[in-house]
Amino acid sequence: MMRLIASRLAQIAVTAAILSFCAFLLIALMPGDPIDLAIAGDPRLSAEDAARLRALHGLDQPLMARYLAWAGAVLEGRFGHSRLFAQPVAALLWPALLSSLELLGLALLLAAGFGIALGALAALRPRAAPFVQTLALVAQAVPSFWLGILLIILFAVQLGWLPAGGEGGWRYLILPVATLCFANLAAYARHAAAALTQALNEPHIRTARAKGAGERRILLAHALPNAGVPLLTIAALDAGALVSGALITETIFARPGMGKLIYDAVMGNDFNLALLALLVVAIVTMLATLAADLAQRWLDPRLA
Amino acid sequence: MKGGLALLAALALAALAAPLAAAMLGHDPFLPDLFNRFAQPSAAHPLGTDELGRDLLLRLLQGARVSLTVGLLAALAATIIGTIVGLMAAWRGGVWDAVLMRLADGLLALPALPLLVILAALDPAVVGLPRGEAAADILRIAVLLAAFGWVGVARLVRATALSVLARDFVRAARALGVSEGRVLWRHVLPELAAPIAIATALAVGGAVLAESTLSFLGLGIAPPAPSWGNMLANAQELVFQAPLAALWPGLAILLTVLGCNLVADGVAKRR
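Reading guide: rules and limits
Residues numbered from 1 in each chain as written. Chains lettered and ligands numbered in written order. Predicted model: local features only at pLDDT ≥ 70, side-chain atom pairs only at ≥ 80, totals over all residues. Heavy atoms only, no water. Phe/Tyr/Trp six-rings, centres within 6.5 Å; stacked < 30°, edge-to-face > 60°. Helix = DSSP H or I, 4+ residues; strand = E, 2+ residues; numbered from the N terminus. Buried < 20%, exposed > 50% of the residue type's maximum accessible area, 1.4 Å probe, protein only. Axes fitted to C-alpha atoms, helices over the stretch in contact; angles between N-to-C directions. Parallel < 35°, antiparallel > 145°, perpendicular 65-115°, else oblique. Left-handed = near helix turned anticlockwise from the far one by under 90°. Contact = heavy atoms within 4.5 Å. Nonpolar A, V, L, I, M, F, W, Y, C, P; charged D, E, K, R; others polar. Buried area = accessible area lost by both parts, 1.4 Å probe. Salt bridge = Lys/Arg side-chain N within 4 Å of Asp/Glu carboxyl O. Polar contact = N/O pair within 3.5 Å; in protein donor to acceptor, adjacent residues only side chain to side chain. Core = buried A, V, L, I, M, F, W, Y, C linked by side-chain atoms within 4.5 Å. pLDDT = per-residue confidence, 0-100.

Peer 1: How should I be thinking about the packing of aromatic side chains in this particular structure?
Peer 2: Each aromatic ring pair is described using two quantities: the centre-to-centre distance and the angle formed by the ring planes. Residue and element names in this part refer to chain A. Enumeration over the complete set of coordinates arrives at 6 aromatic pairs over all chains. Between phenylalanine 24 and tyrosine 67, the ring centres sit 5.4 Å apart and the planes meet at 65 degrees, which makes this aromatic pair edge-to-face. With phenylalanine 24 in helix α1 (residues 2-29) and tyrosine 67 in helix α4 (residues 63-75), the pair connects residues that are 43 residues apart, well separated along the chain. According to the relative accessible area criterion, phenylalanine 24 is buried, its value standing at 13%. Members of the aromatic cluster, connected to one another through ring pairs, are Phe21, Phe24, Tyr67 and Trp70.

Have a look at this one:
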């Protein structure tokens, strides 16, 4: 187990290193650097000043040296400043990460809860199965940004019940969480239905029935734990999709999370912030995947 | 399966018929008509007009051409790359398999959209792509989406190819002295038709969804060329004036992705 964790952590570190290098390279290859932007902002800057500033910030160095200097600084915890927000990057990342985790955690919890409930409905009541299947098919195909807009139009513009965006109390969370939850519901519903149908046909369920266990106890105590393993697989596989969904949701509902931070940074040409935020998001996603994998092995020791 | 194919065929026909519809209604989907802003649905404008007085139905059909082209291009490229990678991994095995599949796993573990947002914002000229025009946008987005889309295809192809390569008829062909290239082309590839079809159908749906997402965020197809995504971005700014404008592009995306998923499900059930 420890060896598995160590090797997976090493994989995550390697992936993050390759990702940071590729992204750094692509960004550095673009025409124009921060000094060019400074010139655009202050036309009195002379050519000598520009050259001196470039040398001061190491921008005249070869690409590889610049990457190594940047990576070294990041590893030491010096994330630099955001040009767009005029703040240290670290001061921006932390609140954004918390905001995103709040949204993601709630959405994941609700998506898994409703998804499993729908799956159980389909598995226990065959007459409800086509309804659940149709709902899952539609939920899988709905573009989440469209759903977000429709919810805003209905609940914020027409009815005026809920705020259209921003961050504040729980009222600001309802629409974004609903949007993100619906987008991730389908996978859980489909797989819960399949896994529960299979689990309910196992001999030990028949034994439990023969011994007189109630339907509720059979479902909760005997079938669900067995169906939990494939569901954790979905959770692990979908971590990336969930984070991707958060970017759209946060952008539509103007929530200051990681997704919106990356989007704003990209739109504002603040690539240092974008790159670091992307790395944080990627590492957190991969750690979440690892956690789901470990939980899976804990539930089903045969996998370990 | 049939429902999915019918849905996709209807959408493709609608996209092809865009110029015909423009001729029949007598408007230009690109020409502003400022006296007719936010027109209600009528015989002249079946879905009404947008904030510049352009016909929404015609823009929707024009958007279908753009969105479906991006989807098909990206899915085709992803399928070709994915099939080659999956086949190579299964056939060569060993280090090839390990390296290619680690790469696939790594790409799969990353959150795709934040990465795509950063990549889509980069200057396309850096990697030798033209910039600016709608055709260049279509190509740029298709390339980006294919760069991520091949992973799903490769995994599906590799899994099936591994089992096909171990079957008796492949061993028989090899024993008869058939060259490896011919074994792969004539004996293995035809057996992979079903998984490749499934992966392609899913890739088309995924690409249409991803393109519309990027265009919605302002990083995909740039206006004035309409795509379903940038029409929705436009509609979000007009939720007070024209709430209905947000309905149609989203519905079009929904139906396209639904059609693709239904086709993929249908092929999977037939095997």
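Peer 1: It is not clear to me how the packing of helix α9 (residues 193-216) of chain B against helix α10 (residues 228-237) of chain B should be interpreted in this structure. Could you clarify?
Peer 2: Helix packing for two helices is described by the angle between their axes and how far apart those axes are. Residues and elements named next belong to chain B. Contact geometry of α9 with α10 gives a least axis separation of 7 Å together with a crossing angle of 40 degrees. With respect to α10, the axis of α9 lies oblique. Here the hand of the crossing between α9 and α10 comes out right-handed. Together, Val208, Ser212, Ser215 and Phe216 of α9 and Trp228, Gly229, Asn230, Leu232, Ala233 and Gln236 of α10 make up the contact between the two elements. Of the residues in the contact of α9 with α10, the class split is 5 nonpolar, 5 polar and no charged.

Peer 1: Got a minute to help me understand the interface of chain B and chain A in this structure?
Peer 2: Note: interface size is frequently given as the accessible area lost on complex formation between the parts. On the chain A side, the residues contacting the 41 residues of chain B number 43 residues. Both sides together, the interface formed by chain B and chain A hides about 3500 Å², and carbon and sulfur atoms give 83% of it. Taking the shortest distance from any N to any O, the salt bridge between arginine 190 of chain A and aspartate 265 of chain B comes out at 2.9 Å. Inspection of the region where chain B meets chain A yields 6 residue pairs in polar contact (both at pLDDT 80 or more). The set of elements that each furnish at least two residues to the side of chain B that touches chain A consists of α4 (94-109), α5 (112-121), α9, α10 and α11 (247-270) of chain B. With 10 residues, the single largest contributor to the side of chain B that touches chain A is α11 of chain B. Broken down by class, the residue content of the side of chain B that touches chain A amounts to 31 nonpolar, 7 polar and 3 charged.

Peer 1: What am I meant to see in the nonpolar core here?
Peer 2: If you look at the biggest cluster of nonpolar residues, it comprises 108 residues, and the most contacted ones within it are Trp70 of chain A together with Val117 and Trp228 of chain B. Look past the residues within four positions of tryptophan 70 of chain A in its chain and what remains in contact with it is Ser20, Phe24, Asn272, Leu275, Leu276 and Leu279 of chain A. With 15 residues, the next largest nonpolar core counts Leu165, Val170, Leu192 and Ala199 of chain B among its residues.

Peer 1: Is there a simple way to explain the packing of helix α9 (residues 203-210) of chain A against helix α10 (residues 215-237) of chain A in this structure?
Peer 2: All names here are of chain A. For the pair α9 and α10, interaxial distance at closest approach is 10 Å and the crossing angle is 160 degrees. With respect to their mutual orientation, α9 and α10 come out roughly antiparallel. As for how α9 packs across α10, the hand of that crossing is right-handed. In contact with His204, Ile205, Ala208 and Arg209 of α9, α10 contributes Glu215, Ile218, His222, Ala223 and Asn226. Here the residues of the contact of α9 with α10 sort into 4 nonpolar, 3 polar and 2 charged.

Peer 1: What exactly am I supposed to notice about the environment of isoleucine 252 of chain A here?
Peer 2: On the secondary structure map, isoleucine 252 of chain A appears in helix α11 (residues 239-252). Taking the relative accessible area as the measure of exposure, isoleucine 252 of chain A reaches 7% and is therefore buried. It is 53 Å that separates the C-alpha atoms of isoleucine 252 of chain A and alanine 210 of chain A, two residues lying 42 residues apart in sequence. Not counting the four nearest positions on each side in its chain, isoleucine 252 of chain A is found in contact with Ser144, Phe145, Gly148 and Ile152 of chain A together with Phe216 and Gln236 of chain B.

Peer 1: It is not clear to me how the confidence of the model for chain A should be interpreted in this structure. Could you clarify?
Peer 2: When pLDDT is low, close inspection of the predicted coordinates is not appropriate. Mean pLDDT for chain A: 82, with 98% of residues reaching 70 or above. The lowest-confidence element of chain A is helix α2 (residues 34-41) of chain A, averaging 72 in pLDDT; the highest-confidence one is helix α5 (residues 89-124) of chain A, averaging 87.

Peer 1: What should I look at first to understand the confidence of the model for chain B in this one?
Peer 2: Scored by pLDDT, chain B has a mean of 82; 90% of the residues are at 70 or more. Scored as a whole, the predicted complex attains pTM 0.84, and scored at its interfaces, ipTM 0.81.

Peer 1: Any chance you could explain unusual backbone geometry here in plain terms?
Peer 2: As a rule of thumb, non-glycine residues mostly have phi less than zero, and peptide bonds are mostly trans rather than cis. Residue and element names in this part refer to chain A. Positive phi, close to 50 degrees, is recorded for alanine 254, a residue that is not glycine. Structurally, the position occupied by alanine 254 is in the loop between α11 and α12 (258-267). Note on alanine 254: relative accessible area 37%, which makes it partly exposed.

Peer 1: When you look at α5 of chain B in this model, what are you seeing that I'm missing?
Peer 2: Think of an α-helix as turning once every 3.6 residues; residues three or four places apart then point the same way. Counting buried positions along α5 of chain B gives 7 out of 10 residues, so the element sits mostly inside the fold. For α5 of chain B, the complete set of buried residues consists of Leu113, Pro114, Leu115, Leu116, Val117, Ile118 and Ala120 of chain B.

Peer 1: Help me understand the pattern of salt bridges, please; the structure alone is not making it clear to me.
Peer 2: Oppositely charged side chains may form a pair once their charged atoms are brought near each other. All names here are of chain B. Under the defined criterion, the tally for this structure stands at 11 salt bridges over all chains. A salt bridge links arginine 171 to aspartate 168, with the nearest nitrogen and oxygen atoms 3.9 Å apart. Taken together, the positions of arginine 171 and aspartate 168, both in helix α7 (residues 168-175) and 3 residues apart, correspond to about one turn of that helix. On the accessibility criterion, arginine 171 (55% relative accessible area) is exposed.

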